[in-house]
Amino acid sequence: MERDTRLEYARKLDQQDALNSYRDEFYLQPEVIYMDGNSLGLLSKRAEQSLLSALDAWKKYGIDGWTQGKDPWFYFSETLSEMCAPLVGAAKEEVIITGSTTTNLHQLIASFYHPEGARIKILADELNFPSDLYAISSQLVLHGYDPKEQMKLVKSRDGDTLSEADIIDAMTDDVALIVLPSVLYRSGQILNMKALTNAAHERNILIGFDLCHSIGSIPHCLDDWDVDFAFWCNYKHLNGGPGAVGGLYVNKKHFGQKPGLAGWFGSDKEKQFDLAIEMTPASNAGAYQIGTPSIFSAAPLYGSLQIFAEAGIHAIREKSLKLTDYMTLLVEEELSDYQFTITNPKEHERRGGHLFLVHEEAARICKALKEYKVIPDFRSPNGIRLAPVALYNSYEDVWRTVQILKKIMKEESYKKFENKRDVVA
Ligand SMILES: *Cc1c(COP(=O)(O)O)cnc(C)c1O
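Residues numbered from 1 in each chain as written. Predicted model: local features only at pLDDT ≥ 70, side-chain atom pairs only at ≥ 80, totals over all residues. Heavy atoms only, no water.

### Observations concerning the nonpolar core
Consideration 1: Membership of the largest hydrophobic core comes to 62 residues, with the highest contact counts inside it found for M171, I178, L211, W232 and L391.
Consideration 2: Take this core: its biggest share by element is 9 residues, from helix α10 (residues 295–311).
Consideration 3: Structurally, this core is a two-domain feature, drawing no fewer than three residues from each of domain 1 (7–30 + 313–410) and domain 2 (49–310).
Consideration 4: With sequence-adjacent residues up to four places away left out, L391 is seen in contact with Y22, R23, F26, N239, I307, F308, A311 and I316. (Core = buried A, V, L, I, M, F, W, Y, C linked by side-chain atoms within 4.5 Å. Buried < 20%, exposed > 50% of the residue type's maximum accessible area, 1.4 Å probe, protein only. Helix = DSSP H or I, 4+ residues; strand = E, 2+ residues; numbered from the N terminus. Domains from an automatic or database assignment. Contact = heavy atoms within 4.5 Å.)

Encoded structure:
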């Protein structure tokens, strides 16, 4: 990529972009530059269609929608799981679209955390999304342990990133289970899942990853890396809609392990309607479902995942890296007078789909950006996340975003806002 800051260059990159046509498949608002697809992905026309067809099936079939129509609801989670599996590098039986990130983590800890003897601790990190840490703590409490003693948190040296060596050092023989993010939600750092999994297994520790910020943004090879389990939400890069049903992965070597939190939708599908007093769990990842799936919160994924299958996750990753490279160079060239620090890793293999700009005035800079119709994401206390998304953002979007930031800084128009976060930020 050339260090060319002209608008013409952005337009040239857009013309050469093989994914450019997908932009037309999304609902983009006129004048608005959406840089928050890593918090809530935008609606695509295909996702809208698949939601409408689920509504239509309800309209036409009533109860028989469970077994009739184009995509019967009884098998819908499995249908989506098959579509999702290539994105995590797994067989379809190892994935199930169900629950939410946090409930799936509860399920996976309930199923795979077996403290024994001196091996009691759950290892996580202090930069992980708080919900994950709350879930881990409460699971420890359910087992009768004090989270202050048994939740071991790897510390960050710089407040933004984690060192894989530090994580591996923390894999001591009192650790029973490890839960880590694939991509850190603030700094966008990618952890080396393969190396961490190897290190965990050498020490006989099970390891799972939270893929919220990586699924749909970077390719995964969970089977090849031999990860034990993973879980994620589908409303960020996967554009499944607010509160979309989440997903989980269980390595096939663990099939047959009883679900810690059982419910009838985890049954073997042939047996589920025997309605027996004793449950026969599915022989695959389906066993970790609990109750009736939320069809309307899963339906948009059907259309969305088709787009991912068509565009290809490798092409998406390639463009995402180019967009974030381009944004980095523009920030360096155009904003050098304004005290921004880019704290996400620069190397491709360590960087996810967003940039993390740190600035003392971040909260009100974000408010000013919104006034100029750029949608960023503020992360307390001083971070601005900007996610140019491969499927619907253009190089011109990136160029305009940086120009608007420059204008805000130059004119100090952020100063008319309070430097405080809103309730949802
Ligand atoms: C978005 C996100 C969550 C959200 O969990 P929900 O159960 O979907 O509310 C959890 N963990 C991480 C790392 C996230 O980025």
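More follows now that the structure is in view.
### Structural notes on the environment of E48
Consideration 1: Tracing the backbone shows E48 in helix α2 (residues 45–61).
Consideration 2: In the structure, E48 is positioned 255 residues away from G303 in sequence and 7.5 Å away in space, judged by C-alpha atoms.

### Notes on the UniProt feature "modified residue: N6-(pyridoxal phosphate)lysine" (unreviewed entry) in the chain
Consideration 1: Feature annotation in UniProt assigns "modified residue: N6-(pyridoxal phosphate)lysine" (unreviewed entry) to the following positions: K236.
Consideration 2: We classify K236 as buried; its relative accessible area is 10%. (UniProt positions renumbered as here; feature names shortened; annotations may be inferred.)

### Examining the site of the ligand
Consideration 1: Close to the ligand lie S100, T101, T102, F129, D132, D210, C212, H213, Y235 and K236, which account for all nearby residues.
Consideration 2: Take T102: an N or O atom from its side chain is 2.6 Å from an oxygen atom of the ligand.
Consideration 3: At 2.5 Å, a side-chain N or O of K236 approaches an oxygen atom of the ligand.
Consideration 4: With the chains in place, 85% of the 390 Å² that the ligand exposes on its own is no longer accessible. (Near = heavy atom within 4 Å. Polar contact = N/O pair within 3.5 Å; in protein donor to acceptor, adjacent residues only side chain to side chain. Areas by Shrake-Rupley, 256 points an atom, 1.4 Å probe, with all protein chains shown as cover.)

### So, the packing of aromatic side chains
Consideration 1: Enumeration over the complete set of coordinates arrives at 16 aromatic pairs.
Consideration 2: On the basis of an interplanar angle of 85° and a centroid distance of 5.2 Å, the ring pair of W264 and F265 is categorised as edge-to-face.
Consideration 3: Overall, the relative accessible area of 37% leaves W264 in the partly exposed class.
Consideration 4: When the ring centre of F129 is taken as origin, the NZ or CZ atom of K236, which lies over that ring, is 5.6 Å away.
Consideration 5: Its end group placed over the ring of F74, K269 keeps NZ or CZ at 4.3 Å from the ring centre. (Phe/Tyr/Trp six-rings, centres within 6.5 Å; stacked < 30°, edge-to-face > 60°. Lys NZ or Arg CZ within 6 Å of the ring centre and 35° of its normal.)

### Some words on helix α8 (residues 193–202)
Consideration 1: All of the buried residues in α8 are M193, L196, T197, A199 and A200. Down the axis of α8, the buried set is contained in an arc of 165°. They therefore lie on one face.
Consideration 2: Those residues of α8 that are buried are in contact with α7 (164–169), β5 (175–181), β6 (206–210) and α9 (222–225).
Consideration 3: Looking one or two places after α8, you find N204, whose phi comes out positive at around 60°. (Arc of directions from axis to C-beta.)

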